[in-house]
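Commentary on secondary and tertiary structure
Chain by chain, the residues:
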Amino acid sequence: MTTVPLLDLGPQNRALEAQFEAAFRDVLRSNQFIMGPRLEAFEKDCAAFLGVKHALGVSSGTDALLLALMALDIGEGDEVLLPAFTFFATAGSVARLGATPVWVDVDPHHFNIDLADAARKVSPRTRAIMPVHLFGQSLDLDALQAFAAAHKLRVVEDAAQSMGARWKGRATMSVGDLGATSFFPSKNLGGMGDSGLVTTQDDALAERARILRVHGMQPKYYHREVGANFRMDPLQAALLHLKLPQLPGYNCARAGNALFYHGALKGVAGIAENRAGADRAAKILLPVDFSGQGIWNQFTLRVTGGRRDALKAFLTERKIGCEIYYPIPLHRQECFVSRGYPGADTVEVSEQLSAEVLSIPIFPELTGEQRQWVADALADFAAGKGA
Ligand SMILES: *Cc1c(COP(=O)(O)O)cnc(C)c1O
């Protein structure tokens, strides 16, 4: 029996251990523990990597979203379109500013926001749309831009799971008014703690975000507006800076694992690709990278026929890590139900996916033996051996 964790950070970080230790010593001896040249150097290289004019290191992906919305003055009375099927922070950041999240359904094949449903939910109060490039796959960025222009909306891209993902060559985080990503350890560029990044191509928005990041303070001890402490530690920046050049390699290895799963399970009875018109008898649907340039933060199956939890138990029995991202769509979260935000009764796909999805190991350092073990388990389950 082979053991396959859902994610193992060990091999990736061990490979850079000596460099991490040197970076730590460098920061320690610099005595500069807030802001400064190490953070700026990391920001500069992130901006170059993404093809954006400005990148600001911040305290977390959640704070990146919050700061981006604050820079746009989103607040009470404003509606923000966002998917009902995503991590909590997308909607939490909107709600914390007193604005109204409007639940939009997602596409059953690429799992990202359904712009046709978004169009139905635009109102005179709609100010912005927050697409989430979920599981590492970019939304169609051309369609996104056309949608925002047609409805005169601001765009904040939640790219927490998609740093390095592209659509026709353009990076996520580069087309919205602002972009936000996260360096939470399980993201493709994972730090050693919490931190995140805000991006923009707009000088004025960058300046506003910079000031809001330090309590709305400019110059020192003069506060024109209320900001907060949204800073990234230079120590975290120095550590992440060592991993940034490795990110394309990490992403490539994940894509290689996805390709392996598709190859190993091609033609297996009961397994099909998650495309329109997929084999209706299939029990397990494999995720497809429709953008062709996704980064596979997750490899998320759809398990039909109410068999998802059975597959989870089956994989767990075989010591294969798996997780449900996400078991409850956001419009059903207790903290939001009582507020009665709009759109909740027309997000059927989000509800369906919450009952069907299961993410399996895809991290870059999976061994050949491990991924074969996972593929064999899926084939066995589809053949009814787990029934
Ligand atoms: C991880 C994540 C966030 C939040 O990032 P943190 O760094 O954990 O605060 C926001 N949105 C999505 C879609 C995420 O996956």
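Treat the numbers as computed from the prediction; the structure is a model and nothing was measured.

Parameters and conventions
- Residues numbered from 1 in each chain as written.
- Predicted model: local features only at pLDDT ≥ 70, side-chain atom pairs only at ≥ 80, totals over all residues.
- Heavy atoms only, no water.
- Near = heavy atom within 4 Å.
- Polar contact = N/O pair within 3.5 Å; in protein donor to acceptor, adjacent residues only side chain to side chain.
- Areas by Shrake-Rupley, 256 points an atom, 1.4 Å probe, with all protein chains shown as cover.
- Helix = DSSP H or I, 4+ residues; strand = E, 2+ residues; numbered from the N terminus.
- Nonpolar A, V, L, I, M, F, W, Y, C, P; charged D, E, K, R; others polar.
- Buried < 20%, exposed > 50% of the residue type's maximum accessible area, 1.4 Å probe, protein only.
- Contact = heavy atoms within 4.5 Å.
- Domains from an automatic or database assignment.
- Buried area = accessible area lost by both parts, 1.4 Å probe.
- Salt bridge = Lys/Arg side-chain N within 4 Å of Asp/Glu carboxyl O.
- 1 Å grid on protein atoms, 1.4 Å probe; cavity = no way out; pocket = protein on both sides within 12 Å on 5 of 7 lines; lining within 4 Å.
- Points joined across faces, edges and corners; volume = space filled by probe spheres on them.
- Pairing = 2+ DSSP bridges.
- Right-handed = clockwise from strand over helix to strand, strands pointing away.
- Phe/Tyr/Trp six-rings, centres within 6.5 Å; stacked < 30°, edge-to-face > 60°.
- Axes fitted to C-alpha atoms, helices over the stretch in contact; angles between N-to-C directions.

**Observations concerning the site of the ligand**
The ligand sits among 15 residues. The nearest are Gly-61, Thr-62, Gln-161, Ser-182 and Lys-187. A distance of 2.6 Å is found between an oxygen atom of the ligand and a side-chain nitrogen or oxygen belonging to Ser-182. Taking 380 Å² as the accessible area of the ligand by itself, protein coverage stands at 93%. The greatest single-element share of the shell around the ligand, amounting to 3 residues, is contributed by helix α4 (residues 61–71). The residue makeup of the shell around the ligand, split by class, is 6 nonpolar, 7 polar and 2 charged.

**Quick word on helix α5 (residues 88–96)**
Counting buried residues along α5, 7 of its 9 residues qualify, which places the element largely inside the surrounding structure. Those residues of α5 not exposed but buried are Ala-89, Thr-90, Ala-91, Gly-92, Ser-93, Val-94 and Ala-95. Residues of α5 that are buried sit in contact with α4, β2 (79–83), β3 (100–104), β5 (154–158) and α12 (334–337).

**With respect to the domain arrangement of the protein chain**
Under the domain assignment, the protein chain is made up of domain 1 (10–246) and domain 2 (247–382). Between domain 1 and domain 2, the C-alpha centre-to-centre distance is 25 Å. Facing the 50 residues of domain 1 at the interface are 43 residues of domain 2. Carbon and sulfur atoms supply 61% of the area buried between domain 1 and domain 2, which totals about 3800 Å² over both sides. It is Trp-103, Phe-135 and Asn-188 in domain 1 that bury the most area against domain 2; as a group they hold 20% of the surface buried on that side. Taken together, domain 1 and domain 2 are joined by 0 salt bridges. Between domain 1 and domain 2 we count 30 residue pairs in polar contact (both at pLDDT 80 or more) in total. Only α1 (10–14), α5, β3 and β6 (166–167) provide two or more residues apiece to the side of domain 1 that touches domain 2. If one sorts the elements of the side of domain 1 that touches domain 2 by residue count, β3 sits on top with 5 residues.

**Some remarks on the layout of surface pockets**
Space inside the largest pocket adds up to approximately 360 Å³. Lining the largest pocket are 23 residues, and of these Phe-87, Ser-182, Phe-184, Lys-187 and Tyr-326 sit closest to its centre. Listed by contribution, the elements that provide at least two residues to the lining of the largest pocket are α4 and α5. With 3 residues, the single largest contributor to the lining of the largest pocket is α4. Residues that form the lining of the largest pocket fall into these classes: 9 nonpolar, 11 polar and 3 charged. Taken domain by domain, the makeup of the lining of the largest pocket includes at least three residues from each of domain 1 (10–246) and domain 2 (247–382).

**What to know about the pairing of β5**
With respect to burial, β5 is a largely interior element, 4 of its 5 residues being buried. Bridge count for strand β4 (residues 126–129) against β5 is 2 bridges, and the pairing is parallel. What sits directly across from Ala-128, in β5, is Arg-154. Since β4 and β5 lie parallel, the crossover through helix α7 (residues 141–151) that links them has a hand, and here it is right-handed. The pairing of β5 with strand β8 (residues 178–182) spans 3 bridges and is classified as parallel. Following the sheet pairing, Asp-158 is matched in β8 by Ala-180.

**Some remarks on the packing of aromatic side chains**
On inspection of all chains with the given rule, the structure shows 14 aromatic pairs. With 5.6 Å between their ring centres and 65 degrees between their planes, Phe-42 and Phe-183 make a pair best called edge-to-face. With a gap of 141 residues between them, Phe-42 in helix α3 (residues 37–50) and Phe-183 in the loop between β8 and β9 (196–200) connect regions that are remote in the sequence. Here Trp-103 and Phe-336 contribute two aromatic rings whose centre-to-centre distance is 5.4 Å and whose plane-to-plane angle is 55 degrees, an arrangement assigned as tilted. One end of the pair, Trp-103, is in strand β3; the other, Phe-336, is in helix α12, with 233 residues separating them in the sequence. Taking relative accessible area as the criterion, Phe-336 reaches 3% and is therefore assigned buried. Connected via pairs of aromatic rings, a cluster forms that spans Phe-85, Phe-87, Phe-111, Phe-135, Tyr-325 and Tyr-326.

**So, the sheet that holds β4**
Consider a sheet: its strands pair through backbone hydrogen bonds, and that pairing is either parallel or antiparallel. The mixed open sheet is built from 7 strands, whose spatial order is β1-β9-β8-β5-β4-β2-β3. One side of each edge strand has no neighbouring strand; the edge strands of this open sheet are β1 (54–58) and β3. Across the sheet, the axes of successive neighbouring strands diverge by a mean angle of 25 degrees, strand direction being ignored. In the packing of α3 onto the sheet, contacts are made with β1 and β9, and the angle to β1 comes to roughly 130 degrees. Taken strand by strand, helix α8 (residues 203–213) contacts β1, β5, β8 and β9, and its axis lies near 15 degrees from that of β1.

**Considerations on the sheet that holds strand β12 (residues 299–303)**
Strand order across the open sheet formed by 4 strands is β10-β11-β12-β13, with mixed pairing between neighbours. The open sheet has two free edges, formed respectively by β10 (271–273) and β13 (357–360), since each of these has just one partner strand. Pairwise comparison of adjacent strand axes, ignoring direction, gives a mean angle of 35 degrees for this sheet. In terms of strand pairing, β10 meets strand β11 (residues 284–286) through 3 bridges, oriented parallel. Bridged to Glu-273 within β11 is Leu-286.

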